[in-house]
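Each chain, written out:
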Amino acid sequence: MIDPIHIQELKRLRLEPLSQLALLKLKEADIADNEAVLPVFRLMEWGLATGAPHAHRRTARELLRLRHQSNQRAALNYLLEDLAGGLPELHRKLLRMSPQGAARTLLDILDMRRKADMRIPYLCCY
């Protein structure tokens, strides 16, 4: 069972601009929302499911790890750590994109973040 504190934090995170933007992209793609999952991670999962061309299995595993992490604030912070241009620039960029483009961009960010994380061994291949 999920801790009530984590449920409240998830609700707060779903109200943040990036989550709202991801929710908008999901609606544009006619993808159902799942209130138990942050829209950012839901959009990325949809991007993987629709065949994002660069999707490595390791990126998919990392997304799954983040999606199921009990502390969703920490998961989101990990994804957005050292984001080039900052969060406002990402918001502007994603807003102009199609749902597929937004999902690919977020997956690219995760892939770059995963490659930069020294705790995760990275090989060039799938």
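If you're wondering where the values come from, they're calculated on a predicted model, not measured in any experiment.

Peer 1: Even after reading the chapter, I still don't get the side chain of Arg-113, so can you show me in this structure?
Peer 2: The residue Arg-113 is located in helix 7 (residues 99–116) in this model. Classification of Arg-113 by relative accessible area gives buried; the value is 12%. Other than its neighbours up to four places away in sequence, Arg-113 contacts Tyr-78, Leu-79 and Glu-81.

Peer 1: Hey, could you run me through unusual backbone geometry in this one?
Peer 2: Excluding glycine, a negative phi dihedral is what most residues carry, and trans is how most peptide bonds are arranged. A positive phi angle, near 60°, is found at Asp-30, a position not held by glycine. For Asp-30, the location among the structural elements is in the loop between helix 2 (17–28) and helix 3 (39–49). Here Asp-30 falls in the exposed class, since its relative accessible area comes to 72%. Positioned with a positive phi, Asp-82 is a non-glycine residue whose angle comes to about 55°. For Asp-82, the position within the fold is in the loop between helix 5 (72–80) and helix 6 (86–95).

Reading the values: the criteria
Residues numbered from 1 in each chain as written. Predicted model: local features only at pLDDT ≥ 70, side-chain atom pairs only at ≥ 80, totals over all residues. Heavy atoms only, no water. Helix = DSSP H or I, 4+ residues; strand = E, 2+ residues; numbered from the N terminus. Buried < 20%, exposed > 50% of the residue type's maximum accessible area, 1.4 Å probe, protein only. Contact = heavy atoms within 4.5 Å.

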